[in-house]
Amino acid sequence: MLRAMFISLVAALSLWATVIRAQDDAAALFDAMGLPEIIAVMGQEGAAYGETIARDLFPSGMNPRWAATVAEVYASDRMADEMRSAFVATLAGKNVAPMLDFYQTDLGQQIVMLEISAREAMLDPALEQASKDMAAEALQNDTARAQLIIDFIKANDLIEANVVGGLNSNYGFITGLLSGGASIPGVMSDEVLADVWAQEPEIRASTTEWLYAFLMLAYEPLSDAELQELTAFTQTAPGRELTAALFASFDQTFERVSRELGVAASGFIISQEL
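This one's a predicted model, so the numbers in the text were calculated from it and none came from an experiment.

## Topic: the nonpolar core
Argument step 1. Residues Leu29, Trp66, Phe87, Tyr103, Leu215, Tyr219 and Leu242 are the most contacted members of the largest nonpolar core, which totals 76 residues.
Argument step 2. When residues of this core are assigned to their parent elements, the largest contribution, twelve residues, is made by helix H13 (residues 237-273).
Argument step 3. If we skip the residues at most four places from it in the chain, leucine 29 touches Phe87, Leu91, Val96, Met99, Leu100, Tyr103 and Leu242.

Next comes the structure, spelled out in structure tokens:
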């Protein structure tokens, strides 16, 4: 009996060690993909979005108190911790090793650096517009590189996934506004979903334009063969599981961010109306 208990204990400890290693691999993958750095850039994008909210919703426009509130909502450390936890949880039970192997290669690390650099560059409105113009021209001319980007986007269903994320974020922001007590002309609490869905064509158009511009800019230094290798990896079982984990963790975090931003904006609207 003691021997059986000992064997059971060893098996349990072995299973636990396997789970811990998988979690460690998923956390290492989060870092290898440069996600903390990308989240930091998203915090800067959030600051720009905060200025848009102030311009559109606040009678007095932008002010230091609102800027501090936006910075707190988009705190990169908090977002990174939240996304890392969701990412690791989503990948539980998955074979993370092939994902980590890919992103630890020279090509994988080059892709990470290119994506971070492109995202940082597009913080500049002029460069973002130039990238959109160049992408539109390449698509119109049906260049070989444009076709590879089209293949990559279609293979990973990136437009649909990003549109869904955008709709969810808008829904979170509007419900946050209403729950905070603010009123939105023409929008009732039971009409939020229909109002958000009405924005789908606009969100789809802006998402498609930005996505092509970003990927054309980010992957421009890659050879055709390297871009095809990336696309091929994303179509493997581990690649598909990784893409799903990325969107799940991003969506979870940004739905929370959008909702908190809506509640905070509601407080500013009400205080300025008094």
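## Let's talk about helix H4 (residues 76-90)
Argument step 1. For H4, built from 15 residues, the straight-helix expectation of 21 Å at 1.5 Å per residue is met to within 8% by its first-to-last C-alpha distance of 20 Å.
Argument step 2. Turning to H4, its buried residues are Met79, Ala80, Glu82, Met83, Ala86, Phe87 and Val88.

## Points about the packing of aromatic side chains
Argument step 1. Considering all chains together, one arrives at eleven aromatic pairs under this definition.
Argument step 2. When the centroid spacing of 4.2 Å and the interplanar angle of 0 degrees are considered together, the rings of phenylalanine 102 and phenylalanine 233 count as stacked. With phenylalanine 102 in helix H5 (residues 97-103) and phenylalanine 233 in helix H12 (residues 224-234), the pair connects residues that are 131 residues apart, well separated along the chain.
Argument step 3. Taken together, the aromatic side chains of Phe58, Trp66 and Phe268 make up a single cluster linked through ring pairs.

## With respect to the packing of helix H2 (residues 35-57) against H4
Argument step 1. Here H2 crosses H4 at 135 degrees, and the two axes come no closer than 9 Å. The orientation of H2 relative to H4 falls into the category oblique. Crossing angle aside, the handedness with which H2 passes H4 is right-handed. From H2, Pro36, Ile39, Ala40 and Gly43 reach across to H4, where they touch Ser76, Met79, Ala80, Met83 and Arg84.
Argument step 2. Split by residue class, the contact of H2 with H4 holds six nonpolar, two polar and one charged.

Reading the values: rules and limits
- Residues numbered from 1 in each chain as written.
- Predicted model: local features only at pLDDT ≥ 70, side-chain atom pairs only at ≥ 80, totals over all residues.
- Heavy atoms only, no water.
- Core = buried A, V, L, I, M, F, W, Y, C linked by side-chain atoms within 4.5 Å.
- Buried < 20%, exposed > 50% of the residue type's maximum accessible area, 1.4 Å probe, protein only.
- Helix = DSSP H or I, 4+ residues; strand = E, 2+ residues; numbered from the N terminus.
- Contact = heavy atoms within 4.5 Å.
- Expected span 1.5 Å × (residues − 1).
- Phe/Tyr/Trp six-rings, centres within 6.5 Å; stacked < 30°, edge-to-face > 60°.
- Axes fitted to C-alpha atoms, helices over the stretch in contact; angles between N-to-C directions.
- Parallel < 35°, antiparallel > 145°, perpendicular 65-115°, else oblique.
- Left-handed = near helix turned anticlockwise from the far one by under 90°.
- Nonpolar A, V, L, I, M, F, W, Y, C, P; charged D, E, K, R; others polar.

These values are about where atoms sit, not about what they do.
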